[in-house]
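# Structural overview for review
Next come the chains, spelled out residue by residue.
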Amino acid sequence: AILILLGCSAVQAAAPSSDPIQSTTELGITVEPSHIFDAFEESIDFWPSVRKYVVSDSFDVAERQNRVQAAAFVKRVQDDLHGRLFGGDEAKAKDVVDYVTWGLRRAQCYRDLRGELPPESLVRLRGQFEALSKVSRQEGRPLDPTTVSAEMETAMRPLNLTTEKQTRALELWRRLAVCTARLNATEAAMVIHRADGEAGSGPDGDLIRKIAAAADWALIVKTGKKTTRQDFIAAWHELHDQPVAEVASAMGQ
C-alpha cells in the first residue's frame, strides 16, 4: 500500500525556491498549494499519534516487540522522505511535492468510489486494485488504465450496480489507475517500495504493511478536516477486521 509517510515540520520550507508550488488540475481534480501544505501539516500530528498508539497496550494485535520495531521502521522511512523534502535538493523536494499531489488525487478518487459502492465491497475491490498495482510495479511497467477498467468491471459484476453507477465507478477506477501510475513514477514512491521490500515477509513486515494500509485508508475515510488516531482505528477495523482496543482516554488526541 502506498501512503503519505511524512512526519515533517517547518512545512513552509517544502516549496523549491525556484519552482514554487502551483495550482494544478488533472483528471478533473484541482490541487491547490494550500492542499499540499495542509497535507504536510496534517501529518505532523497524525503520524506521531499513530506511532504512539501502535506501541501502546491499546493496540493489541501483535507482540509489543513487533509493534515497537514496526513503529521504528515507519519512522525511518518518514525520516528518509523528510530528508528528501528539506535536504536542499530542489529536484528531490519537487519530487516529494509531486508524490503528495498525486496522492491527494488518488485519495479523492477513493472517496468518490465510497459514494458509489457499498463499503464492504469497496474494501474487497481496493485489495484487487492494489494487487494489480503491485504486479505492474514488479513487472516494471506503469499501471494500465484500460486493463484496470476491464479487471474492475469483472470484479464489480456481482454487485449488480445500476448502469449509471457502473459507468461512474469504472471511470473512477480508470482515474485511480492514472493517479497511481503517476504517483509510482516518483522517486519518493520508490523509497517506499524499497522499504516495503526491506520489511520482508515476517511478522514485522506484515504488521508494517497493515499499519501503512490502515494509515493510508484513514486519509480517505476520515470524518473531520484532519486525519486522527481514531480514523486510523476505524480504518484498521474496516481493512483488517481484527480487534483493536479503543484508545485509552489518558492518551488524548
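Structure: above.
The structure contained in this document is the topic of the report that follows. (Residues numbered from 1 in each chain as written. Predicted model: local features only at pLDDT ≥ 70, side-chain atom pairs only at ≥ 80, totals over all residues. Heavy atoms only, no water.)

### Here we look at the packing of helix 1 (residues 33-55) against helix 2 (residues 64-86)
At a closest axis distance of 8 Å, the pairing of helix 1 and helix 2 adopts a crossing angle of 160 degrees. Relative to helix 2, helix 1 is oriented roughly antiparallel. Seen from above, helix 1 lies across helix 2 with left-handed handedness. Within the contact between the two elements, helix 1 uses F40, W47, R51, V54 and V55 and helix 2 uses R64, R67, V68, A71, V74, K75, Q78 and L85. Classifying every residue of the contact of helix 1 with helix 2 gives eight nonpolar, one polar and four charged. (Axes fitted to C-alpha atoms, helices over the stretch in contact; angles between N-to-C directions. Helix = DSSP H or I, 4+ residues; strand = E, 2+ residues; numbered from the N terminus. Parallel < 35°, antiparallel > 145°, perpendicular 65-115°, else oblique. Left-handed = near helix turned anticlockwise from the far one by under 90°. Contact = heavy atoms within 4.5 Å. Nonpolar A, V, L, I, M, F, W, Y, C, P; charged D, E, K, R; others polar.)

### Quick notes on the pattern of salt bridges
All told, the structure shown has 14 salt bridges when counted by the stated rule. Residues E187 and R84 are paired through a salt bridge, measuring 2.6 Å at the closest nitrogen-oxygen approach. Of this pair, E187 sits in helix 7 (residues 187-199) while R84 sits in helix 2, and the two are 103 residues apart along the sequence. Taking the relative accessible area as the measure of exposure, E187 reaches 45% and is therefore partly exposed. On the basis of relative accessible area, R84 is assigned to the buried category, the value being 10%. Each of R106, E130 and D216 takes part in one network of salt bridges that share partners. (Salt bridge = Lys/Arg side-chain N within 4 Å of Asp/Glu carboxyl O. Buried < 20%, exposed > 50% of the residue type's maximum accessible area, 1.4 Å probe, protein only.)

### Examining the packing of aromatic side chains
Scanning the entire structure with this criterion turns up 11 aromatic pairs. Centre to centre, the rings of F46 and W47 are 5.5 Å apart; their planes meet at 70 degrees, and the pair counts as edge-to-face. On the basis of relative accessibility, which here comes to 2%, the residue W47 falls in the buried class. Considering the side-chain rings of Y110 and W173, the 6.3 Å spacing of their centres and the 90 degrees angle between planes classify their relative orientation as edge-to-face. Of this pair, Y110 sits in helix 3 (residues 90-114) while W173 is found in helix 6 (residues 163-184), placing the two residues 63 residues apart along the sequence. (Phe/Tyr/Trp six-rings, centres within 6.5 Å; stacked < 30°, edge-to-face > 60°.)

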